[in-house]
Amino acid sequence: MAEGLTGRGASPVGASVPPGEPLVRIRGLRFAHGERLLFDGVDLDIPRGGVTAVMGPSGTGKTTLLKLISGQLRPASGTIEVDGQDVHRLGRAALYRLRMRMGMLFQSGALLTDLSVFDNVAYPLREHTRLPEAMIRKLVLMKLEAVGLRGVQAQLPATLSGGMARRVALARAVALDPDMILYDEPFTGQDPISMGVLVSLIRHLNDASGLTSIVVSHDVSETLSIADYAYIIADGRVMEAGTAAEVRASRSEWVRQFLDGLPDGPAHFHAPAPDLMRDLLGEA
Amino acid sequence: MLDPLARLGRSGIAALARLGEAHLLLVGLLGGTWDTLVRPRLLIAQVYGIGVLSTLIVVVSGLFVGMVLGLQGYYVLSQFGAAESLGIMVAASLVRELGPVVTALLVAGRAGSALAAEIGLMKATEQLSALEMMAVDPIKRILTPRFYGGLLAMPLLAAMFSAVGVLGGYFIGVGLLGLDGGAYWSQMQAKIDFSDDIVNGVIKSVVFGLVVTWIALFQGYAATPTAEGVSRATTRTVVHSALAVLGLDFVLTALMFGE
Amino acid sequence: MARTRTIEILVGAFMAAGFVALFFLAMQASNLSSAPAGDGYRLTARFDNVGSLKVRAPVSMAGVRVGRVEGIAFDGSTYEAVVTMVIDPQYDTIPDDTFANIYTSGLLGEQYIGLDAGGSPDYLGDGDQLIHTQSALVLEQMIGQFLFSKAQEGAQPQ
Ligand SMILES: Nc1ncnc2c1ncn2[C@@H]1O[C@H](COP(=O)(O)OP(=O)(O)OP(=O)(O)O)[C@@H](O)[C@H]1O
Ligand SMILES: [Mg+2]
């Protein structure tokens, strides 16, 4: 259990992340997709009972981080503990037990395309509980009502818009009343009204049932408006960590550029590449 | 200099690794047997998708193959004055070889490619990951019912193919070319052995059913989750299935009918 | 739910059709219907040479199939082949002086046992032996005999 210099329970960056046992504790995480090193020694704590935002430019590995936390991917080195259990040392059965306490909202929704909206939301209930069908119906309708889509319960996912599909997926993710929800880009593709509803829904779900939420996003203002804590990651490292207010007030030049969306600064809009002129004049 | 050698080695190792993955998948599929048994509904849906939807093409092909056998067999056999042995020839070729093999090739093209595309697309659209996240094993819940659906449907389809083919041969030989109907059946009954011919044919088609669905499911499950990856998986399913079926047919024939 | 029911019915029909096809192949296209395995009574016959007679070859009388060959063994003391055949029970009036021949169906066809009924009033029963037998004609022997007789014919005038 030795965690090097940081020690058990100590927060990874500064003192701004709250004390107390975190729900997710990441130490020394290294992970690469093929040649591409996405995380190079990342330490990260997700406190219990709050909304934690993980932000960063596109392609930094936010989705990958969620997959690592939920045990779908295996780190090259480092540990990820969820509620004290090392996710990547669990056997299949124990991992599945842990996942029953996690809900995940996929970036694409990932609804089962051959089932209706209703059956999609009912799926985890039917798989993991022995509730009578009448009870399942009530639960599903309540979850669909919460995301405002009770009206489309009989439709197939293919007939929904991307934003609607994401909301159905949210209803499915919370169907089993998990302890923790991982949101991958919940806001993209939502119109301003449903965006507002969704933002308050995430906050509301979190407070009403004592959930822990991780929101991965690059919608800075919406995410920070509901987040208790925030991390900004880029280039395989944690760039900034702290409460939402602290992060918003960060003085780091890089963080300022990201938060304010400035084109010029230490961060690059372009993926690493050789000089443009050389590329253009190079071999035809 | 050593580059070609290294490349050869690399592709050899990659092929072995894939073969290993395929066998792990097979173990997973067999491990899902109980889950499928307690959810017969999932199995029924797959027998529908693989079996019922392939019935038409299999029956029509069987009829034509039987009629062609009737024609060709008649011309060859009548040169030896043995036209009344037509029934034996038609039935033996169908039951031993053409029934299981052609049915397997048809199912690979009709249902195997569809299976690979379906699983590959479920992977590409993260549906398999979503199931994983709902603590549901996609191999047990999605792949295994398809596996047993194929295993169950194949011998039944092959039997339909052979039966319709025998009738097609009868239609040509007896109906059109004027052979004696009694001779057609009695010669067939005298020479076609239940355990040697029919049971072996069924065993063949069960093996082919296993191989074709296994290949299709593996190609879908291991597909690169992109449009191109899925299309490659469907193509590979058909090519690999055809090669596997024909190769295995040779081995099985040598084992079963080589005295 | 109506759709589920349709699928169930179609799958039921599919499986029924598959089993009907199997049953059809078994009963109409194979020997399963004509070989009530082991039912009937057994006769034996000794031949000097059975040629290429096979187990399960038909046994027929007057061109009608009455049974099948069940086993072919070699008797080391008499150097003869012992053929066991099973005769269908309804053919229980085979005289005990019946001739057993090994014939070939067609020029290159398979060999079978043909029974030529004798005139005796006593009938054969289970375990009896057919005394009068005629061995298979082996092509090489026939050709050999033919050439031999021709050679003799040619030699005589001198
Ligand atoms: N299966 C894979 N194989 C190889 N590389 C991958 C794979 N999946 C993702 N990557 C790469 O890893 C990097 C991080 O991907 P990820 O999806 O985690 O980014 P992200 O931070 O979620 O981006 P976005 O905000 O656009 O969703 C990307 O550059 C991508 O090219
Ligand atoms: Mg992402």
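Given the structure is predicted, the values throughout are model-derived calculations rather than measurements.

## Examining the arrangement of the chains
- The structure contains 2 pairs of chains in contact, of which chains B and C account for the largest number of contacts.
- A gap remains between chain A and chain C, with no contact made and the closest C-alpha atoms lying 13 Å from each other.

## Points about the sheet that holds strand β1 (residues 24-33) of chain A
Residues and elements named next belong to chain A.
- Taken together, 4 strands build an open sheet; the order of strands is β2-β1-β4-β5 and the sheet is antiparallel. On the outer flanks of this sheet lie β2 (36-46) and β5 (85-86), each paired with one strand and no other.
- Of the pairings in the sheet, the one linking β1 to β2 comprises 8 bridges and is antiparallel in character. Bridging from a neighbouring strand, alanine 32 pairs with leucine 37 of β2.
- Of the strands in this sheet, β1, β2 and β4 (77-82) are in contact with helix α1 (residues 62-69), which crosses β1 at around 120 degrees.

## Quick word on the packing of helix α6 (residues 138-176) of chain B against helix α8 (residues 194-221) of chain B
Residues and elements named next belong to chain B.
- Viewed as axis vectors pointing N to C, α6 and α8 meet at an angle of 150 degrees, and their least axial separation amounts to 8 Å. Classed by the angle they form, the pair α6 and α8 counts as roughly antiparallel. The handedness of the crossing between α6 and α8 comes out as right-handed. Between α6 and α8, the contacting residues are Ile139, Leu143, Arg146, Phe147, Gly150, Leu151, Met154, Pro155 and Ala158 on the first element and Val202, Ser205, Val206, Phe208, Gly209, Leu210, Val212, Thr213, Trp214, Leu217 and Tyr221 on the second.
- Class assignment of the residues belonging to the contact of α6 with α8 gives a composition of 15 nonpolar, 4 polar and 1 charged.

## Looking at the packing of helix α3 (residues 40-79) of chain B against α6(B)
Residue and element names in this part refer to chain B.
- At a minimum axis separation of 6 Å, α3 and α6 run at an interaxial angle of 25 degrees. Comparing their axes, α6 and α3 come out roughly parallel. For the element pair α3 and α6, the recorded crossing hand is right-handed.
- Grouping the constituent residues of the contact of α3 with α6 by class yields 20 nonpolar, 13 polar and 2 charged.

## Brief notes about the environment of A:Val87
- With respect to the secondary-structure elements, A:Val87 resides in the loop between β5 and α2 (92-100).
- In sequence terms A:Val87 and A:Asp275 are 188 residues apart; their C-alpha atoms lie 42 Å from each other.

## Observations regarding the sheet that holds strand β7 (residues 180-184) of chain A
Residues and elements named next belong to chain A.
- Ordered in space as β6-β7-β8-β3-β9-β10, the 6 strands form an open sheet in which the pairing is mixed. This sheet does not close on itself; its edge strands, each paired only once, are β6 (102-105) and β10 (237-243). Sheet twist, expressed as the mean angle between neighbouring strand axes with direction ignored, is 15 degrees.
- By the bridge criterion, 4 bridges tie β6 to β7 in an arrangement that is parallel. Bridge pairing links methionine 102 to methionine 180 in β7.
- Helix α5 (residues 162-173) contacts β6 and β7 of the sheet and is inclined by roughly 175 degrees relative to β6.
- The sheet contacts of helix α9 (residues 253-260) involve β3 (51-55), β9 (229-234) and β10, and relative to β9 the element is tilted by about 105 degrees.

## Notes on the domain arrangement of chain C
- Segmentation of chain C into domains returns domain 1 (1-33) and domain 2 (41-144).
- Taking only C-alpha atoms, the centre of domain 1 of chain C and the centre of domain 2 of chain C are 41 Å apart.

## Comments concerning the coordination of the magnesium ion (ligand 2)
All names here are of chain A.
- Within the first shell, the magnesium ion (ligand 2) binds the protein through Thr63 (OG1) and Gln107 (OE1), at distances of 1.8 to 2.4 Å. Residue threonine 63 is located in helix α1, and its partner glutamine 107 is located in the loop between β6 and α3 (117-128); the two are separated by 44 residues in the primary sequence.
- Among the residues examined, threonine 63 registers a relative accessible area of 23% and is labelled partly exposed.

## Overview of the environment of B:Gln72
- Along the chain, B:Gln72 falls in helix α3.
- Through-space distance from the C-alpha of B:Gln72 to that of B:Gly173 is 10.0 Å; in sequence the pair is 101 residues apart.

## Considerations on the pairing of β10(A)
Residues and elements named next belong to chain A.
- Alignment of β9 against β10, held across 6 bridges, turns out to be antiparallel. The residue of β10 that forms the bridge with isoleucine 233 is valine 238.
- As consecutive antiparallel partners, β9 and β10 are separated by 2 residues, and within that stretch aspartate 235 has a phi angle of approximately 50 degrees, a positive value.

## Points about the site of ligand 1
All names here are of chain A.
- Neighbouring ligand 1 are 13 residues; Arg36, Ser58, Lys62, Thr63 and Thr64 lie closest to it.
- Separating a nitrogen atom of ligand 1 from a side-chain N or O atom of histidine 33 is a distance of 3.1 Å.
- Here glycine 61 contributes a backbone N or O atom positioned 2.9 Å from an oxygen atom of ligand 1.
- For ligand 1, whose accessible area on its own is 640 Å², the fraction buried by protein is 61%.
- Broken down by secondary-structure element, the contributors of at least two residues to the shell around ligand 1 are β2 and α1.

Conventions used here
- Residues numbered from 1 in each chain as written.
- Chains lettered and ligands numbered in written order.
- Predicted model: local features only at pLDDT ≥ 70, side-chain atom pairs only at ≥ 80, totals over all residues.
- Heavy atoms only, no water.
- Contact = heavy atoms within 4.5 Å.
- Pairing = 2+ DSSP bridges.
- Helix = DSSP H or I, 4+ residues; strand = E, 2+ residues; numbered from the N terminus.
- Axes fitted to C-alpha atoms, helices over the stretch in contact; angles between N-to-C directions.
- Parallel < 35°, antiparallel > 145°, perpendicular 65-115°, else oblique.
- Left-handed = near helix turned anticlockwise from the far one by under 90°.
- Nonpolar A, V, L, I, M, F, W, Y, C, P; charged D, E, K, R; others polar.
- Domains from an automatic or database assignment.
- Donors = N, O, S within 2.8 Å, 3.2 Å for Na, K, Ca; no water.
- Buried < 20%, exposed > 50% of the residue type's maximum accessible area, 1.4 Å probe, protein only.
- Near = heavy atom within 4 Å.
- Polar contact = N/O pair within 3.5 Å; in protein donor to acceptor, adjacent residues only side chain to side chain.
- Areas by Shrake-Rupley, 256 points an atom, 1.4 Å probe, with all protein chains shown as cover.

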